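# What the coordinates show
Here is what each chain is made of, one letter per residue.
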Amino acid sequence: MANQVLTMVQAINMALKQEMARDSRVLVFGEDVGFEGGVFRVTEGLQKEFGPERCFDTPLAEAGIAGMSIGLAINGMRPVCEIQFSGFFFEAYSQMMCHASRMRNRTRGVLTVPMVLRMPYGGGIKALEHHSESMEAIMAHTQGLKVVIPSTPFDAKGLLIAAIRDGDPVIFMEPKRLYRAFKQEVPEEDYFIPIGRAAVIAEGSDVTLIAWGAMVRECYEAAAQAQKEGISCEVVDVRTISPLDHETILASVKKTGRAVVVHEAPRSYGPGAEISATISETLGGALKAPVQRVTGFDVIMPLLRTEDRYMPNPVRIMEAVKKVIA
Amino acid sequence: MFLEKYDPLKNQMVQILDQDGNHKEDLLPKEMTDDVVKDLYEQMVFYRMCDKRMLKMQRTGRMGTFAPLEGQEAAQIGSEFAMKKTDWMVPAFRELAAMCAHGVPVETFFLFWRGNEIGSKYPKDVKVLPSSIPVGSQMLHAVGISLASKLRKEKDITVTYFGDGATSEGDFHEAMNFAGVFKTPTVFICQNNQYAISVPRSKQTASETIAQKAIAYGFPGVLVDGNDLFAMFAVTKEAAERARKGGGPTLIEAYTYRLADHTTADDSTKYRTQEEVDGWRKRDPLLRLQKYLFKKGAWTEKYEAALQENLLKKVDEITEKVEATADQTVDSMFDYLFAEPTQELLEQKAYLKKMLELENKK
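Small disclaimer: the values here were computed from a predicted structure and weren't measured.

Check the secondary structure of chain A and you find 12 helices and 14 strands. Scaling as 2.2 N^0.38, a compact globule of 326 residues should have a C-alpha radius of gyration of about 20 Å, and chain A matches this with 19 Å. At a minimum sequence separation of 6, the contacts of chain A that also span at least 24 residues come to 82%. About 12,300 Å² of surface is accessible on chain A, with carbon and sulfur atoms providing 51% of the total.

Here's what the structure looks like:
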């Protein structure tokens, strides 16, 4: 089979289509997901191809979408539901926290919830209030949930396929800034990228940049700039926030001796704190410098006119790189 | 027939057996032969005895906090008897009778509320979800489960239980609305036991009845005497058949009363009068069934004494078994988070084992 050059939106669409074709238990639903194909067109054409019983619109109610998904999953389906924007996820959070995440444990493995909850998240597209936050730490702090964030079209397809085939609930957060930011060759055949595995996407020897979602590209850019200044950066794309791939992260930092964690999420109690603590606890004295974080701020996400001030960028990443190198 | 004839807006309540044990012959379901009624009566007596045992155990530190069942036996046994064993049940947290009648072993139920996760595991063929403590949240699962049955064109229906307090939750609205829109084979049973802990039903909603709320969602709602086993069975049966035939959901308001406290941590004398409780004691679902059976010549004091003796033996055996059951292992604390354990879970498990060894040495 050939490769296609696709945006992340198209790659996710391809993954959904192929999984729906492969497994009749896979259902795709949410607000505006059916007839319209989603506000970002991620589910475009699915209802037409698979019919309104497999891909459908729900009433406008996020707890309803998540709670119904739990029931569908318990009774043998593979629901892939969409929350239109992650800012509205919190209506559904109670269902995920109180039930989806604990059903396996609560029934000692008799009942399980193999569901995927997809949602676009993050800043950088000048959206309105409640549309730009990055709250992955809340999901990752919830025991029993897996949290996946792709940074490329290729990964988006492979990770989504893995999420759909996973036996447990997966929160699949799509960085909407990357939805149409670039295209990439995506194989037509089905493949999956294991959940819980980070990837070293650029090798380097002086410092490890650790990021996910839209911040991976910022790190890439910072790494290119650092190169010009004679600093060799390794970039790790975390890909799965929970469970975190300690092995890949620690192996890289062990090699470089320095780490900068970059995330859009607010700083305090963000995933950067967890990653930084893990590195310190494990590598401690072997580090050549304390781990640095480049993150969003502990503020309410600014509206579109000053949104850029909030977002980590290559300049800030470079500053942190210089700090750990110094 | 009940769903059409009884208008919840007019506060009409289905009742077949009154508190004096008199019944309406024309409405008596044909399934209710004397043998069946006796069997159901015995179940109700048994579950009340189990409930009382749990209370006794709680008072002596052998059971955790739980929500007693007393007073709601007919609402649960009547509705459960209208279900097939292949139907799904999605309970709230006061459903000892309904859950165990549908296949959850009583000892398993005891173990869970005793705080032992061994009681989290129901037999595989038992289609009952775990007790759901966050009020109202479980109704949505019932909608999802029944939608899956419908999509696969299976005939199973799903019955979900909740209380009057739950009807104030957003999840109640979303579940009822989704069920109406997707026309799912769901039977919603609200056990209106008059109180959500201390808050009376009148402060929970300005609706005259809870049953009438169904009208807004586009499906029938019916008010039933929840202490009347026959009425609960008859109405649930009609709702179940309707759901099985593709007719969609039904809301049943079982008008009943919690004779005990909300939970073992509650003191209901603070918010309701003895007079009120005594009034409801006269409407006790067991008492009226006893009177009915007596009138039919199927109940004697001797029979009752023998029954009590037999059941007590059974409850004693269950208690013994429960108290002899070891706690969950350290492994099982960590093994059911995911299909495959994560590295962190494995490390945390090893750490805990090591720490427990140290702690036990001291």
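Anyway, onward from the coordinates.
All names here are of chain A. Strand order in this open sheet of five strands is β9-β11-β10-β13-β14, and the pairing throughout is mixed. The sheet is open, and its two borders are formed by β9 (199-202) and β14 (292-296), each paired with just one other strand. Here the average twist between neighbouring strands, direction ignored, is 25°. Pairing analysis gives three bridges linking β9 to strand β11 (residues 233-237), with the strands arranged antiparallel. The partner of A202 across the bridge, within β11, is V235. Contacting β10 (207-211), β11, β13 (259-266) and β14, helix α12 (residues 314-325) runs over the sheet at an angle of about 165° to β14.

On to the nonpolar core, then. By size, the foremost hydrophobic cluster in this structure holds 78 residues, and its most contacted members are B:Y47, B:F110, B:F230 and B:I252. Looking at this core element by element, the count peaks at 11 residues for helix α2 (residues 34-59) of chain B. Counting residues in each nonpolar core, the second largest holds 76 residues, with A:F56, A:I279, B:A166 and B:F219 among its members.

So, about the pattern of salt bridges. Residues and elements named next belong to chain A. With the rule as written, the count across this model stands at 39 salt bridges over all chains. Taking the shortest distance from any N to any O, the salt bridge between E82 and R118 comes out at 2.9 Å. Of the two residues, E82 is situated in strand β4 (residues 78-82) and R118 in strand β5 (residues 116-121); the sequence distance between them amounts to 36 residues. According to the relative accessible area criterion, E82 is buried, its value standing at 5%. Judged by relative accessible area, R118 falls into the buried class, the value being 1%. Taken together, the salt bridges that share partners define one network made up of E19, R22, R165 and D190.

Before going further, it helps to examine the interface of chain A and chain B. Counting from both sides, the interface comprises 40 residues of chain A and, opposite them, 40 residues of chain B. In this assembly, chain A packs against chain B so that about 3,400 Å² is buried in total across both faces, 66% of it on carbon and sulfur atoms. Contact with chain B buries area across many residues of chain A, yet A:N75, A:R106 and A:R108 alone supply 24% of it, more than any other trio. With its nearest N and O atoms 4.0 Å apart, the salt bridge here joins A:E53 to B:K153. Applying the counting rule to chain A against chain B returns 14 residue pairs in polar contact (both at pLDDT 80 or more). Mapped onto the side of chain A that touches chain B, the elements with two or more residues apiece are β3 (55-57), α3 (62-74), α4 (90-100) and α5 (103-106) of chain A. Among the elements that make up the side of chain A that touches chain B, the one with the highest residue count is α3(A) (10 residues). Within the side of chain A that touches chain B, the residues separate by chemical class into 18 nonpolar, 14 polar and eight charged.

All names here are of chain B. Looking at the element boundaries, N116 is found in the loop between α5 (106-114) and α6 (139-151). Judged by its relative accessible area of 4%, N116 falls in the buried class. Here A326 takes part through its backbone oxygen, which lies 3.0 Å from a polar atom of the side chain of N116. In contact with N116, not counting residues within four places along its chain, are L111, T325, A326, D327 and Q328.

The rules behind the values
Residues numbered from 1 in each chain as written. Chains lettered and ligands numbered in written order. Predicted model: local features only at pLDDT ≥ 70, side-chain atom pairs only at ≥ 80, totals over all residues. Heavy atoms only, no water. Helix = DSSP H or I, 4+ residues; strand = E, 2+ residues; numbered from the N terminus. Rg over C-alpha atoms; globule rule 2.2 N^0.38 Å. Contact = heavy atoms within 4.5 Å. Areas by Shrake-Rupley, 256 points an atom, 1.4 Å probe, with all protein chains shown as cover. Pairing = 2+ DSSP bridges. Axes fitted to C-alpha atoms, helices over the stretch in contact; angles between N-to-C directions. Core = buried A, V, L, I, M, F, W, Y, C linked by side-chain atoms within 4.5 Å. Buried < 20%, exposed > 50% of the residue type's maximum accessible area, 1.4 Å probe, protein only. Salt bridge = Lys/Arg side-chain N within 4 Å of Asp/Glu carboxyl O. Buried area = accessible area lost by both parts, 1.4 Å probe. Polar contact = N/O pair within 3.5 Å; in protein donor to acceptor, adjacent residues only side chain to side chain. Nonpolar A, V, L, I, M, F, W, Y, C, P; charged D, E, K, R; others polar.

These figures come from the coordinates and say nothing about function on their own.
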